[in-house]
Every structure is written in C-alpha cells, then in structure tokens.
Amino acid sequence: MALTLQQMRDFVRTHADADATDAPDATLDVYARIAYNDIHTRTNFPLLQTSDTFTTVAGQSEYTFASIGDLNKITAVIDSQNLGRSLIYISESDGDLAFGAPVGMSSDVATAYTVYNDVLKLYPKPSVSGKIYTVRGLRNPASWPNGSGSSPDLPVALHDAISWYMLSSYYLSQEDVNLAGVYLREYEQMVDKFVRNESFKDFGARNHVMGGQNYYAPNFTRWVRGMLE
C-alpha cells in the first residue's frame, strides 16, 4: 500500500514517541525529500517509463526533449507510421560522417537518431512535415513532497525505506547516533535489495548486430556492408 507523507510523519513520531514540536512537519519533510532524491539517483531503471510522440517539421532535424514531452532519457525512437520500425541509435559523430555534417541530407524517412544535451536529432533530416514518431524513455520524477496527502513517485516497496531514513535523521538530530545508525542501515538495506533485484532484469535494447533493431530485411548492398563491417 502506498504511504502518504502524513503517514510517514506519523510513523516517525509514533516510533520515536515525539510530537509535532519535537519533530515538526517542515523538518521531517526535508528528511523525506533527501531520501526520495537519494533513491532516484541510485535506481537507474525504468521506474519512470514513459512514451510520447512528436511530428516532424520539414527541414528540421533536431527536437528538444521539452518539445516532445516530460523526458529525462530516450531509449528508443519508433516510426509510428511504418509498422513500428525502430530507428537505429548512432553517435553524433558517426551520424554526421554517414549522413553529412552539419545538417545532413534530407529525406522523408529517418533511419537513425542520436541524443545530446536533451536534444533528439534525426538522420537523415526530414524533408516533409507531418511524420509521426513515438519516443520511449524515462521521464523526470515528480516533485515530492508536495502536500501531506502526496505519495512518493516510487514503487510502493520503497515507501517504507523513506520512513526509516526519516527516523534515522530524527534520531541524529537528537544526537542519538546509535539509533540513527540502526535505522540508516535498515534504509540502506531496503534500497540496496531493491536495486539488486532490479539489476537482474533485462531492460536494455538488444545489441545492434547487422541492424538488430531493424526488423526489415536488408537489401543486398546493405547486407554486404553489414558483413564487411
């Protein structure tokens, strides 16, 4: 069950036999925010999966993350109008080398993309407007805490961990380093166990072997090039 911020505050006060004077909301909220941000820096997994679409503009190869949606990281770009064909990721240097720098030749169908400085760049540059692409990736975590009834933008399994961190920080403020250490270890163990379990799941894309992300059969010229590469 998801825990709200108020439930976490109540847990700390009940467990520590404290009241709102000893453990004010403003102080506990800071502890909660520290734990929340710390967990997000450790869990680099698709806890925040998202999917958005964008439409091409003729002559425009670059599209900012903000113009597409609430994106933090892009993991795939898919041609929504071509049976879900995936574009191949390449580095900016390789893209400029293969398609021409700085703007690249124009084509109505992109075959590759790169990402830099929160910008998505298509190769080759679209020559027509109105083509729709689906972007999959990770979004930015929601701001939290933002009210007593709000819950952290995390899997429920991690909500209890935040409560332990808040309790540890409270005892540290009371100069009880022993109890602070006990609850901090509980927090660390819960987060580490979650991260270890998630790390065994395969979230990544397959390796690009002869266009491994492209489900269309290559023509003879592309097949020969792939064998030589």
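Scroll up a little and you will see the structure.
Described below are features of the structure shown in this document. (Residues numbered from 1 in each chain as written. Predicted model: local features only at pLDDT ≥ 70, side-chain atom pairs only at ≥ 80, totals over all residues. Heavy atoms only, no water.)

Some remarks on the nonpolar core
Core analysis: the biggest nonpolar cluster contains 29 residues, and Ile162, Met166 and Tyr170 have the highest contact counts within it. Elements with a minimum of two residues in this core: helix 1 (5–16), helix 2 (25–42), helix 5 (159–173) and helix 6 (177–199). The element that contributes the greatest number of residues to this core is helix 5, accounting for 7 residues. Contact partners of Ile162, with chain neighbours within four places excluded, come to Met8, Ala32, Ala35, Tyr36, Ile39, Trp144, Pro152, Leu154 and Tyr187. (Core = buried A, V, L, I, M, F, W, Y, C linked by side-chain atoms within 4.5 Å. Buried < 20%, exposed > 50% of the residue type's maximum accessible area, 1.4 Å probe, protein only. Helix = DSSP H or I, 4+ residues; strand = E, 2+ residues; numbered from the N terminus. Contact = heavy atoms within 4.5 Å.)

Observations regarding the pattern of salt bridges
Summed over all chains, the structure comprises 9 salt bridges. In this structure, the salt-bridge partner of Arg13 is Asp25, at a minimum N-O distance of 2.4 Å. Taken together, the residues span a long stretch of sequence, with Arg13 in helix 1 and Asp25 in helix 2 at a distance of 12 residues. With a relative accessible area of 11%, Arg13 lands in the buried category. A salt bridge links Lys121 to Asp96; the shortest N-O distance between them is 3.4 Å. Remark: Asp96 occurs in helix 4 (residues 92–99) and Lys121 occurs in strand 8 (residues 119–123); sequence separation between them is 25 residues. Note on Lys121: relative accessible area 2%, which makes it buried. Where salt bridges share partners, they join Arg9, Arg13, Asp25 and Asp29 into one cluster. (Salt bridge = Lys/Arg side-chain N within 4 Å of Asp/Glu carboxyl O.)

Some details on helix 2
End to end, helix 2 covers 26 Å across 18 residues, agreeing with the expected 26 Å (1.5 Å per residue, within 8%). For helix 2, the set of buried residues is Leu28, Asp29, Tyr31, Ala32, Ala35, Tyr36, Ile39 and His40. When helix 2 is viewed along its axis, its buried side chains cluster within an angular range of 165° and face the same direction. Within helix 2, the exposed residues directed more than 90 degrees away from the buried face are Ala26 and Thr41. (Expected span 1.5 Å × (residues − 1). Arc of directions from axis to C-beta.)

A closer look at the packing of helix 1 against helix 2
Interaxial distance between helix 1 and helix 2 falls to 10 Å at its minimum, and their mutual angle equals 105°. Comparing their axes, helix 2 and helix 1 come out roughly perpendicular. Where helix 1 approaches helix 2, its residues Leu5, Arg9, Val12 and Arg13 are matched on the opposing element by Asp25, Leu28, Asp29 and Ala32. Across the contact of helix 1 with helix 2, the residue classes break down as 4 nonpolar, no polar and 4 charged. (Axes fitted to C-alpha atoms, helices over the stretch in contact; angles between N-to-C directions. Parallel < 35°, antiparallel > 145°, perpendicular 65-115°, else oblique. Nonpolar A, V, L, I, M, F, W, Y, C, P; charged D, E, K, R; others polar.)

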